[in-house]
There are 2 protein chains.
Amino acid sequence: MKKEGKTSRMRAGRAIVKSQVSDAALVTKRREQIVTAAIELFAGQGYERTTMLDIARKAGVSVGLIYQYAQTKEDVLFLSLISVLESYKQEIPRRVESADPVESLWSAIDAYVRIIDRRRSAALLSYRSTKSLPRPQRRIVMQLEVDTNDLIAARVRDCVAAGLFRDIDVELAVYQIVLHAHGWALKHWRLAQVTTIEKYIANGFDLLTRGAATPAGLLAYQRFLAERRAIPASTTLVGGRKRGARKIRK
Amino acid sequence: MKKEGKTSRMRAGRAIVKSQVSDAALVTKRREQIVTAAIELFAGQGYERTTMLDIARKAGVSVGLIYQYAQTKEDVLFLSLISVLESYKQEIPRRVESADPVESLWSAIDAYVRIIDRRRSAALLSYRSTKSLPRPQRRIVMQLEVDTNDLIAARVRDCVAAGLFRDIDVELAVYQIVLHAHGWALKHWRLAQVTTIEKYIANGFDLLTRGAATPAGLLAYQRFLAERRAIPASTTLVGGRKRGARKIRK
DNA sequence: TTGACGAATGAACACTCATTCAGTTTGGGC
DNA sequence: GCCCAAACTGAATGAGTGTTCATTCGTCAA
């Protein structure tokens, strides 16, 4: 009963990878197990240098078992990338809940950069390895990224609609933001020597906001800054407390 | 046998890759030949999927010969990455010559994005493959990137010194710019559907400048914009007209 | 207890590819 | 013309890998 039509509720992406095992719950569980191991290994040593045996060992299963839940090594990569990208889609909107468009945008950006920070090497994975996928699967991965961008785009559009931002090109602004977020992973080797994640987020947001704001927006932004300064560790400025420990100054 | 002082004139990077051939000019020529082929292949199909035989064939030499000019496949990758990164260092400053700091900054950014555009897949190479290098060589590649950043940093500092930019964090602004430039390659699959390189450059510059400018800077920027509009295809706004007519000098 | 069947195993297979090296070609000094 | 060292070649080597599949395991209904 349970394993009947419910499969169709699965993400289209995962569904295209076939499994020899019919029990849907088991498939989910095993794939999670495999993908968790795979992401760690792919991220650490790269897709090509990672052996199926490596993955099997780390997942605590046999090589043969992996081939019951995915048909090729590429499938494993595909499932891994999907898993990473979907975690973005999951986590970003969870924190957008303010009435103030500027604050909402901040929350979205702040969340994005922090998710990436939490799984930095996983974030690099898609840059490094998407090319190793066959075209149709690559398509899906890209689409997933576009979906994520839409979450940000909505927040930017709110700012424009509220008259706080000029009539900027939203799509391009979004890419500015996305690159800022991904940049934290891409250039972490250098950025970590030079700044903290809090400053990095604040700085990027500052440049963007001042660059895009109308006079009214600038006022709103300054109000936002003042508030934030008044409540330095408010609930919206989530986590990241200990993170600040590093303080190499320019 | 006769390792002369000539070798020491070579870039520190290249020098650490040993060659069995002593004739320095020949080494340069052959390596160029090999690296040209390698870059194309690495960029197109990835480092791991490219075989030494592929490289040899494309370069028009034998496999064995490659091993006389590099000791391992990793060496070939290293030489390739160096060659790409050094071309940035070469080309960026070539166009910085204006008295107006804003215009100089524009030229630098414009040049950077266009170099990357010209060799897009090569630009991706370093993101995808740096991880495949042994640590000491990776160091050198990273240092090369930092060097390039300094060229941009100098231009930003000029703007600050001239009172056109606020007292922003230069290092972070530079990374904003670098990500903007690299972003053109990283996200080209999407950006190309949505905009042109001219708009992309202008948009990024606009956001950055408005975000960083002092009131005086804003005026200077607007003056700059007006000038640019008056002379739509001036000498400083290089190329960008006919894409087909490329004349890469190397 | 038995039979049946899906799940799990891992040794074996077929193949790929970086690297080596025994041999051939080239060029220039006598 | 002869010689020799440097430059170059490419077949051979062997370590390593994705994938398969004959076999074993675990569970549960009869």
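A closer look at the relation of the copies chain A and chain B
- You can overlay chain A on chain B at an RMSD of 0.1 Å; the transform is a turn of 180° with a shift of 0.0 Å along its axis. Such a turn and shift between the copies fits a two-fold axis. It is Gly-211 of chain A whose C-alpha, among those of chain A, lies nearest the rotation axis, at 1.8 Å.

A look at helix H8 (residues 135-161) of chain A
- Between its first and last C-alpha, H8 of chain A extends 38 Å over 27 residues, near the 39 Å set by a 1.5 Å rise per residue.
- Looking one or two residues past H8 of chain A, Gly-163 of chain A carries a phi angle of roughly 75°, positive in sign.

What about the protein's contact with DNA strand D?
- For DNA strand D, the set of nearby residues contains 15 residues, the closest of which are Tyr-67 and Lys-73 of chain A together with Arg-30, Ser-62 and Tyr-69 of chain B.
- At 2.6 Å, a side-chain N or O of Tyr-67 of chain A approaches a phosphate oxygen of DNA strand D.
- The contact in question runs from a phosphate oxygen of DNA strand D to an N or O atom on the side chain of Arg-30 of chain B, over 2.3 Å.
- The set of elements that each furnish at least two residues to the surface near DNA strand D consists of helix H4 (63-69) of chain A together with helix H5 (63-69) of chain B.

Let's talk about the interface of chain A and chain B
- At the junction of the two partners, chain A supplies 42 residues and chain B supplies 40 residues.
- Around 4,000 Å² of area is buried between chain A and chain B when both sides are counted, 62% of it from carbon and sulfur atoms.
- Contact with chain B buries surface across chain A, with Leu-172, Lys-187 and Leu-207 of chain A losing the most and accounting together for 16% of the total.
- At the boundary of chain A with chain B, the tally comes to 10 salt bridges.
- Remark: the boundary between chain A and chain B carries 14 residue pairs in polar contact (both at pLDDT 80 or more).

Some thoughts on the protein's contact with DNA strand C
- Residues in close proximity to DNA strand C total 17 residues, the closest being Val-21, Arg-30 and Tyr-69 of chain A together with Met-52 and Tyr-67 of chain B.
- The sugar and phosphate moieties of DNA strand C supply 78% of its atoms located within 4 Å of the protein.
- Between a phosphate oxygen of DNA strand C and a main-chain N or O atom of Met-52 of chain B, the distance comes to 2.8 Å.
- Residue assignment for the surface near DNA strand C shows that the elements contributing at least two residues are H4 of chain A together with H5 of chain B.
- Ranked by residue count, the leading element in the surface near DNA strand C is H4 of chain A, at 4 residues.
- In terms of residue class, the surface near DNA strand C is built from 7 nonpolar, 8 polar and 2 charged.

So, the domain arrangement of chain A
Residues and elements named next belong to chain A.
- According to the domain assignment, chain A contains domain 1 (12-83) and domain 2 (85-234).
- Here the C-alpha centroids of domain 1 and domain 2 sit 30 Å apart.
- Taken together, the contact between domain 1 and domain 2 spans 15 residues of the former and 18 residues of the latter.
- A buried area of about 1,400 Å², summed over both sides, lies between domain 1 and domain 2, and 65% of it is on carbon and sulfur atoms.
- Contact with domain 2 buries area across many residues of domain 1, yet Ala-43, Phe-78 and Leu-81 alone supply 38% of it, more than any other trio.
- Seen at the junction of domain 1 and domain 2, the total is 0 salt bridges.
- One can count 5 residue pairs in polar contact (both at pLDDT 80 or more) joining domain 1 with domain 2.

Examining the side chain of Thr-148 of chain B
- You can see Thr-148 of chain B is positioned in helix H9 (residues 135-161).
- When residues no more than four places from it in sequence are discounted, the contact partners of Thr-148 of chain B are Leu-85, Tyr-88, Lys-89, Ile-92 and Tyr-112 of chain B.

Let's talk about the packing of H9 of chain B against helix H10 (residues 170-186) of chain B
Residue and element names in this part refer to chain B.
- Viewed as axis vectors pointing N to C, H9 and H10 meet at an angle of 110°, and their least axial separation amounts to 9 Å. On the basis of the axis angle, H9 is roughly perpendicular to H10. Note that H9 runs across H10; the crossing there is right-handed. In contact with Glu-145, Asn-149, Ile-152, Ala-153, Val-156 and Arg-157 of H9, H10 contributes Val-170, Val-174, Tyr-175, Ile-177 and Val-178.
- The residue makeup of the contact of H9 with H10, split by class, is 8 nonpolar, 1 polar and 2 charged.

A word on the environment of Pro-215 of chain A
- Here Pro-215 of chain A is to be found in helix H12 (residues 215-230).
- Sequence separation between Pro-215 of chain A and Lys-29 of chain A is 186 residues, and the spatial gap between their C-alpha atoms is 53 Å.

Quick word on the packing of aromatic side chains
- Applying the stated criterion to the full structure yields 16 aromatic pairs over all chains.
- Residues Trp-106 of chain B and Phe-224 of chain B carry aromatic rings whose centres are separated by 5.7 Å and whose planes lie at 55° to one another, so their mutual orientation is tilted. One end of the pair, Trp-106 of chain B, is in helix H7 (residues 101-118); the other, Phe-224 of chain B, is in helix H13 (residues 215-230), with 118 residues separating them in the sequence.
- You can call Trp-106 of chain B buried: its relative accessible area is 6%.
- Counting every residue linked through ring pairs, the aromatic cluster contains Trp-106, Phe-205, Tyr-221 and Phe-224 of chain A.
- Lying over the aromatic face of Tyr-47 of chain A, Lys-73 of chain A brings its terminal NZ or CZ to 4.5 Å of the ring centre.

What counts and how
Residues numbered from 1 in each chain as written. Chains lettered and ligands numbered in written order. Predicted model: local features only at pLDDT ≥ 70, side-chain atom pairs only at ≥ 80, totals over all residues. Heavy atoms only, no water. Least-squares fit on C-alpha atoms with pLDDT ≥ 70 in both. Helix = DSSP H or I, 4+ residues; strand = E, 2+ residues; numbered from the N terminus. Expected span 1.5 Å × (residues − 1). Near = heavy atom within 4 Å. Polar contact = N/O pair within 3.5 Å; in protein donor to acceptor, adjacent residues only side chain to side chain. Contact = heavy atoms within 4.5 Å. Buried area = accessible area lost by both parts, 1.4 Å probe. Salt bridge = Lys/Arg side-chain N within 4 Å of Asp/Glu carboxyl O. Nonpolar A, V, L, I, M, F, W, Y, C, P; charged D, E, K, R; others polar. Domains from an automatic or database assignment. Axes fitted to C-alpha atoms, helices over the stretch in contact; angles between N-to-C directions. Parallel < 35°, antiparallel > 145°, perpendicular 65-115°, else oblique. Left-handed = near helix turned anticlockwise from the far one by under 90°. Phe/Tyr/Trp six-rings, centres within 6.5 Å; stacked < 30°, edge-to-face > 60°. Buried < 20%, exposed > 50% of the residue type's maximum accessible area, 1.4 Å probe, protein only. Lys NZ or Arg CZ within 6 Å of the ring centre and 35° of its normal.

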